[in-house]
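Coordinates in review
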Amino acid sequence: MNNLSKNYINGEWVNWSGPTLDVHEAGTGDVIAKVPASGRDEMEQAIAAADAAFADWSESSLDQRIKVLEQLHAGLKERAGEIAETVCREVGMPIKLATGIQAGLPATITKTYLKMLPDFPFSEQCGNSEVQYAPVGVVGCITPWNYPLHQVILKIVPAIAAGCTVVLKPAEIAPQSAYILAEILDGTDLPKGVFNLVSGEGQTVGDTLIKHPAVRMVSFTGSTRTGGLIAHAAADDFKRIALEMGGKSASVILPDADLAAAVKGTVNNCLLNSGQTCTALTRMLVPADRHDEACELATAAVARMTPGNPLEATTRLGPLASAQQRDKVIDYIKLGIEEGHTLVAGGPEAPEGCDKGYFVKATVFGNVKPGSRLEQEEIFGPVLCVIPYQDEADAIRIANGTQYGLSGAVWSADADRAKKVASKLRTGQVFVNGGDFNPLAPFGGFGHSGIGREFGKWGLEEFLEVRSLQL
Ligand code: ADP
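A short tour of the structure in this document, coming up.

Definitions and limits used
- Residues numbered from 1 in each chain as written.
- Predicted model: local features only at pLDDT ≥ 70, side-chain atom pairs only at ≥ 80, totals over all residues.
- Heavy atoms only, no water.
- Helix = DSSP H or I, 4+ residues; strand = E, 2+ residues; numbered from the N terminus.
- Rg over C-alpha atoms; globule rule 2.2 N^0.38 Å.
- Buried < 20%, exposed > 50% of the residue type's maximum accessible area, 1.4 Å probe, protein only.
- Contact = heavy atoms within 4.5 Å.
- Areas by Shrake-Rupley, 256 points an atom, 1.4 Å probe, with all protein chains shown as cover.
- Phe/Tyr/Trp six-rings, centres within 6.5 Å; stacked < 30°, edge-to-face > 60°.
- Pairing = 2+ DSSP bridges.
- Axes fitted to C-alpha atoms, helices over the stretch in contact; angles between N-to-C directions.
- Salt bridge = Lys/Arg side-chain N within 4 Å of Asp/Glu carboxyl O.
- Parallel < 35°, antiparallel > 145°, perpendicular 65-115°, else oblique.
- Left-handed = near helix turned anticlockwise from the far one by under 90°.
- Nonpolar A, V, L, I, M, F, W, Y, C, P; charged D, E, K, R; others polar.

Along the protein, the regular secondary structure elements total 15 helices and 20 strands. Against the globule reference of 23 Å for 471 residues, the protein gives a C-alpha radius of gyration of 22 Å, in line with a compact fold. Referenced to the eigenvectors of the C-alpha coordinate spread, the extents of the protein come out at roughly 65 × 60 × 40 Å. Burial statistics for the protein: of 471 residues in total, 57% are counted as buried. Long-range pairs, those at least 24 residues apart, make up 73% of the contacts in the protein between residues at least 6 apart in sequence. For the protein, the accessible area works out to roughly 18,500 Å², and carbon and sulfur atoms hold 51% of it.

The tally for this structure, following the rule as stated, stands at 7 aromatic pairs. When the ring of W13 is compared with that of Y179, the centres are 5.9 Å apart and the planes differ by 15°; the resulting orientation is stacked. Of the two residues, W13 sits in strand β2 (residues 12-15) while Y179 sits in helix α6 (residues 176-186), which places them 166 residues apart along the sequence. Arranged with centres 5.6 Å apart and planes meeting at 80°, the rings of W145 and F380 form a pair that is edge-to-face. Here W145 is found in the loop between β7 (138-142) and α5 (148-162), whereas its partner F380 is found in the loop between α12 (373-376) and β16 (383-389), with 235 residues between them in sequence. The residues W145 and F380 share a single accessibility class, namely buried.

Right, let's get into the sheet that holds strand β5 (residues 123-126). Strand order across the open sheet formed by 3 strands is β5-β6-β20, with antiparallel pairing between neighbours. With one partner strand each, in any of the chains shown, β5 and β20 (464-470) form the two edges of the open sheet. Strand-to-strand twist of the sheet, defined as the mean angle between neighbouring strand axes without regard to direction, takes the value 25°. In this structure, β5 lies alongside strand β6 (residues 129-135), joined through 4 bridges in antiparallel fashion. Opposite Q125, over in β6, you have E130 as the bridge partner.

Before going further, it helps to examine the pattern of salt bridges. Under the counting rule described, the total for this entry stands at 22 salt bridges. Put simply, R417 and E392 hold a salt bridge, and the shortest N to O gap is 2.8 Å. You can see R417 sitting in helix α14 (residues 415-422) and its partner E392 sitting in helix α13 (residues 392-399), a full 25 residues away along the chain. One salt-bridge network, held together by shared partners, links E25, E85 and R89.

Glancing now at the environment of V360. For V360, the location among the structural elements is in the loop between β14 (342-345) and β15 (363-366). With residues up to four places along the chain from it excluded, the contact list for V360 reads L317, L320, R326, V329, I330, I333, P351 and P382.

Okay, the packing of helix α1 (residues 40-57) against helix α7 (residues 202-211) next. At a minimum axis separation of 9 Å, α1 and α7 run at an interaxial angle of 30°. Between α1 and α7, the angle is such that the two are roughly parallel. Remark: the crossing between α1 and α7 carries right-handed chirality. The residues of α7 that touch α1, namely those facing R40, M43, E44 and I47, are Q203, T204, V205, D207, T208 and L209. Residues belonging to the contact of α1 with α7 are distributed by class as follows: 4 nonpolar, 3 polar and 3 charged.

Remember, this is a structural readout, not a statement about activity or role.
This is the structure we're talking about:
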């Protein structure tokens, strides 16, 4: 990457000589890169470029869009090794997982849109009307650090496919994969101005992006707090918004479930990316009479998660992405102890042999009380709450008892019963008996977890306005 000191505006790498943001290696704390802390002027230039490019790109042919996305897909494949290592260093996800998820998923998602586009109905007949689906306009994309390229791809691929133009502001903590993406797009036939990248802080360049009148939609993934600011800003200007925010997802283990398999599946999901996953199953609901057994199984599963340098193949639990995130998670572990939940595994000290970098022990609390802060608030770290319930209705009530609703799981020997319970969860997706992740299925939240959906046709529709011609 040669362009980390620049912004990508109107098809050019534009030098920046102002202040910079340090990018740290999660496993060591060392500064590994510096990127622009750009000013509002740079963001305004990027928005102007996207605005100027919209007239032509919104009229581009489907073949033109498909060709660019094929070139992007090839570039993502070609640079997959570099993407995996970059994100592994920035975020702390172990390299094997980073290769499959952080580098692999962006290529997979791009491919799903390539497959869908030729048959996507950009117009349809309705009685005497032709209903047309038109690109929404300039889109501001604001992304977080936990799956830094994946979340960018989920926005810019359908946006570009829809005929929108884009300004991306990547996360401060993990911006480098967005630069790789910009370099790949720079080598494609995408016309200048359709994609722009401005690096900087949320309160400055992010703020300009969400408030600018030329931006007709903001697609955001990140904290519920920032999502709220975006919703307020959008209301003033009637911008469209797609928000994907926090979660406190429940894994409901029914009494007839294979407890060992369900606990293992829940722990693995909870600890993925050291718990820095918005869909993480962080609340494990177990029948009260099997609580202790479930805690023992969870402790054994956590013990298998060897912590260490994420670049090493044997590491199963990497560090957190930043010192700030580590401190926040440690504070939550201390809070869990103060609130009187049972500390079953882990604790607030760093794991042995992990003195450098941003490590936190995989931690399990038992007998967690519904309604407590530990049970209600998103921690975004490797912390599992085990919650005993009395009966199925109690389990559903507890599962639905937070302001969030992003993901969930249900486990039962009876597939129909599992599906019935899953259908009562107020959440955007539910994994039934460990069902596979599906990159074509809609993804998004109920309540404070979000507005709108990503992935598949639902992700594309977010970027389309509807026009009907009465003929
Ligand atoms: P996280 O806690 O995951 O970092 P944030 O919501 O703080 O979540 O950050 C997600 C993205 O939102 C980042 O790119 C960040 O720079 C951006 N952001 C933060 N504050 C604002 C803001 N006031 N306006 C626009 N974007 C913001």
